[in-house]
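Coordinates in review
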Amino acid sequence: MTRFGISIPLTSSLLFLLACEHTEEIPPDDEFPIQTVFKVEDFEPATECKSCHPTQYREWSGSMHAYAMKDPVWFTSHTNEQQHFAVEGDRDLGQFCIMCHSPVAFLTEAIEDPSSLTIDDTSSLAPQVREGIGCSFCHATTHMSPTTEVAASGGDFEAIFYFLNTGNVKYGTLQDPIANSAHESQYHPDYDKSEFCRGCHDMTIDGLDAEVTFTEWSGTAFQAMGVECQTCHMQTYGGYAVDRELFPEAPLRENLHRHSFAGVDRALTAFRQEDAQLEAIEDLMKVTAELNFQPSLPDTVLSGDTLQISLIVTNSAGHSLPSGVTFARQLWLEVTAVQEGDTLYESGFLNEDLDLYDFYLDPEGVIDPDITVFRTVLYNAEGDSGLRHVSVERISHFTDNTIPAQGSKTVRYPVILDDAFEGIMDVNIRLRMRALPPFLLRELGHGEFVPRLTIFDIAALSGSVTVRSGG
């Protein structure tokens, strides 16, 4: 069942007609109208915004919002899940994945058969559908979506609620927009709030936390201090909201928002604004976490003893680390102890295929028994676990080793020193992160994208220990 905003205005008769359909989700009647029915033509392609808003268009065009319906890995995952539910037969996945990756397609049912959708099919779709999360969709929002609560056991996958008005008014954060002939503009106070992101970035499956970045942020000091999602992912800057050549009277504004929406994900195929996207992600990662010895490394240790390297990782982000699709993320510690070029100890290292020796590759923990990966692991009702067997649509429970907002985790690594060893031992630590593990890309048939998987080094730490004879 498609979920979207209800009526203009909210009359008592309409409320009666919709009393059986989640009326508790209907926002109160106020100055911001809500539209009932949508067609693709209600939304303008982003290219129509380009001439007046070149900076915003350029940033958006290289964002993962613009890549949402161009990602071959997403399409393969979508197809696999559609096929799984088709074989299972008792439930229809419908537009579950499409509802956030192309809201216009979801609202207009422009994709008639989601189960057969391939990336090649998108060439015949309207640009408003192909562009993923576009300008005219976001700037038509009049009320904030609630948390998306999917009832997978009952087959209710299309559970998101959008509240929009696609008339001639565009809503945004400018309190004194200048008049123009393209559209009317109206200030909307909610566009600076984290709730604006909630519908697609806060989702439960049968009551289980699936992707709950908004929930992770809620109740933290970040919320109390007014640090919203937009603060980090749509940073403010001073500039002009429109092209000055077209609008010479446009004022300089100090509260404009970047539209690059930086996170850990990068486009895995050639895409616009690649360098700018990478730079934005790297800047974000620099302030994501802190890494420290706790306690400090000793100055001296005796040969034959075991040196305990104790590390504390502190989350500086406004949500859990990692967040979003935490079951697919890899955030890990790389630990090495080296003496004159010889590696005495290592954990969190990559093999020749650029994979970690976590439980996917080393289920018995023989090769890298001390490895630490911060993430969630999904389980289904049959007891299968992990990315190879369990999608978020089919979870029954999960384990959680993410680092909560404002939280920290302590990890220890035992370095056993040979009886004959003496000298200076250098210890080097890196906290590293990437969006996906390489083995998953290969198993989805996209191994060619592995070289484009960027590893971001969030924090680094080093120290030295003198090893003296214990004899």
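Small disclaimer: the values here were computed from a predicted structure and weren't measured.

**Some thoughts on the overall build of the chain**
- When helices and strands are tallied, the chain shows 15 helices and 20 strands.
- For 471 residues, the compact-globule formula gives about 23 Å, and the C-alpha radius of gyration of the chain, at 25 Å, lands near that figure.
- Each principal axis of the C-alpha atoms in the chain carries an extent, and together these give about 90 × 60 × 40 Å.
- Looking at the chain residue by residue over its 471 residues, the buried ones come to 52%.
- Contacts in the chain between residues at least 24 apart in sequence constitute 71% of all its contacts with a sequence separation of at least 6.
- When the accessible area of the chain is evaluated, it comes to approximately 21400 Å², of which 51% is carbon and sulfur surface.
- Side chains of the chain give 28 positive and 72 negative charges; the mean places of these two sets differ by 5 Å.

**A few points about the layout of surface pockets**
- Approximately 290 Å³ is the volume found for the second largest pocket.
- Around the second largest pocket sit 13 residues that line it, and Glu59, Arg258, Ser260, Ala276 and Ala280 are the ones nearest its centre.
- Those elements that provide at least two residues to the lining of the second largest pocket are helix H3 (54-61) and helix H14 (274-285).
- Element by element, the count of residues in the lining of the second largest pocket is highest for H14, at five residues.
- Along the lines of polarity and charge, the residues of the lining of the second largest pocket split into two nonpolar, six polar and five charged.

**Here's the deal with empty space enclosed by the protein**
- Scanning the model with the defined rule gives two cavities of 30 Å³ or more in all.
- As a volume, the largest cavity reaches approximately 50 Å³.
- If you trace the largest cavity, you find it lined by Val264, Arg266, Leu268, Ala435, Arg452, Leu453, Thr454 and Phe456.
- Residue composition of the lining of the largest cavity, grouped by class: five nonpolar, one polar and two charged.
- There is about 40 Å³ of room inside the second largest cavity.
- Around the second largest cavity, the lining residues are Phe327, Ala328, Arg329, Gln330, Asp358, Tyr360, Arg375, Leu387, Pro437 and Phe439.
- Class assignment for the residues of the lining of the second largest cavity results in six nonpolar, one polar and three charged.

**Observations regarding the nonpolar core**
- Ile309, Leu311, Leu333, Ile429 and Leu431 are the most contacted members of the largest nonpolar core, which has 104 residues in total.
- For this core, the element with the most residues is strand E20 (residues 456-468), which contributes six residues.
- Apart from residues no more than four positions distant in its own chain, Ile309 is found in contact with Phe293, Leu297, Val335, Val411, Arg412, Tyr413, Val415, Val427 and Ile429.

**Overview of the confidence of the model for the chain**
- Scored by pLDDT, the chain comes out at a mean of 92, with 93% of its residues at no less than 70.
- Residue range residues 4-24 is modelled with pLDDT below 50. Its contacts to residues more than four positions away, or to other chains, number 38 contacts.

**Some details on the environment of Leu291**
- You can see Leu291 is positioned in strand E10 (residues 289-293).
- It is 6.8 Å that separates the C-alpha atoms of Leu291 and Ala460, two residues lying 169 residues apart in sequence.
- Leaving out residues up to four positions away in the same chain, Leu291 has contacts with Leu311, Ile312, Val313, Leu333, Ile429, Arg430, Leu431, Ala459, Ala460 and Leu461.

**Remarks on H14**
- Relative to the 16 Å expected for 12 residues at 1.5 Å per residue, H14 spans 17 Å between its end C-alpha atoms, a close match to the ideal helical length.
- Residues of H14 that are buried: Gln277, Ala280, Ile281, Leu284 and Met285. Down the axis of H14, the buried set is contained in an arc of 135 degrees. They therefore lie on one face.
- Buried-residue contacts for H14 involve helix H4 (64-67), helix H13 (229-233), strand E19 (423-434) and E20.

**Some thoughts on the pairing of strand E13 (residues 330-339)**
- Counting buried residues in E13 gives 10 out of 10 residues, a clear majority hidden from the surface.
- Of the two faces of E13, both are covered, the one formed by Gln330, Trp332, Glu334, Thr336 and Val338 as well as the one formed by Leu331, Leu333, Val335, Ala337 and Gln339.
- As paired strands, E13 and E19 are joined by nine bridges and run antiparallel to one another. By the bridge assignment for E19, Trp332 is matched with Arg432.
- As judged from the two bridges shared by E13 and strand E15 (residues 373-374), these two strands associate in the antiparallel manner. Within the sheet, the bridge partner assigned to Leu331 lies in E15 and is Phe374.
- With five bridges joining them, E13 and strand E14 (residues 342-347) adopt antiparallel strand pairing. Paired with Val338 across the two strands is Thr343, which belongs to E14.

**Re the state of the cysteines**
- Counted by the stated rule, this structure contains one disulfide.
- Two residues share a disulfide in this structure: Cys100 and Cys200, whose sulfurs sit 2.3 Å from each other. Between Cys100 and Cys200, the S-S dihedral sits near -105 degrees, and the bridge is therefore left-handed. With Cys100 in helix H6 (residues 98-101) and Cys200 in helix H10 (residues 198-201), the pair connects residues that are 100 residues apart, well separated along the chain.

**Observations concerning the side chain of His257**
- Looking at the element boundaries, His257 is found in strand E9 (residues 253-257).
- Note on His257: relative accessible area 11%, which makes it buried.
- Within the structure, the side chain of His257 is placed 2.6 Å from the side chain of Asp192, a separation counted as a polar contact.
- Of the polar contacts made by the side chain of His257, one reaches the backbone oxygen of Met234; its length is 2.7 Å.
- If sequence neighbours within four positions are ignored, His257 has contacts with Glu59, Thr173, Asp192, Gln230, Met234, Gln235, Thr236 and Tyr237.

Analysis parameters
- Residues numbered from 1 in each chain as written.
- Predicted model: local features only at pLDDT ≥ 70, side-chain atom pairs only at ≥ 80, totals over all residues.
- Heavy atoms only, no water.
- Helix = DSSP H or I, 4+ residues; strand = E, 2+ residues; numbered from the N terminus.
- Rg over C-alpha atoms; globule rule 2.2 N^0.38 Å.
- Buried < 20%, exposed > 50% of the residue type's maximum accessible area, 1.4 Å probe, protein only.
- Contact = heavy atoms within 4.5 Å.
- Areas by Shrake-Rupley, 256 points an atom, 1.4 Å probe, with all protein chains shown as cover.
- Lys, Arg positive; Asp, Glu negative; His and termini not counted.
- Charge placed at Lys NZ, Arg CZ, Asp CG, Glu CD.
- 1 Å grid on protein atoms, 1.4 Å probe; cavity = no way out; pocket = protein on both sides within 12 Å on 5 of 7 lines; lining within 4 Å.
- Points joined across faces, edges and corners; volume = space filled by probe spheres on them.
- Nonpolar A, V, L, I, M, F, W, Y, C, P; charged D, E, K, R; others polar.
- Core = buried A, V, L, I, M, F, W, Y, C linked by side-chain atoms within 4.5 Å.
- pLDDT = per-residue confidence, 0-100.
- Expected span 1.5 Å × (residues − 1).
- Arc of directions from axis to C-beta.
- Pairing = 2+ DSSP bridges.
- Disulfide = S-S within 2.5 Å.
- Polar contact = N/O pair within 3.5 Å; in protein donor to acceptor, adjacent residues only side chain to side chain.

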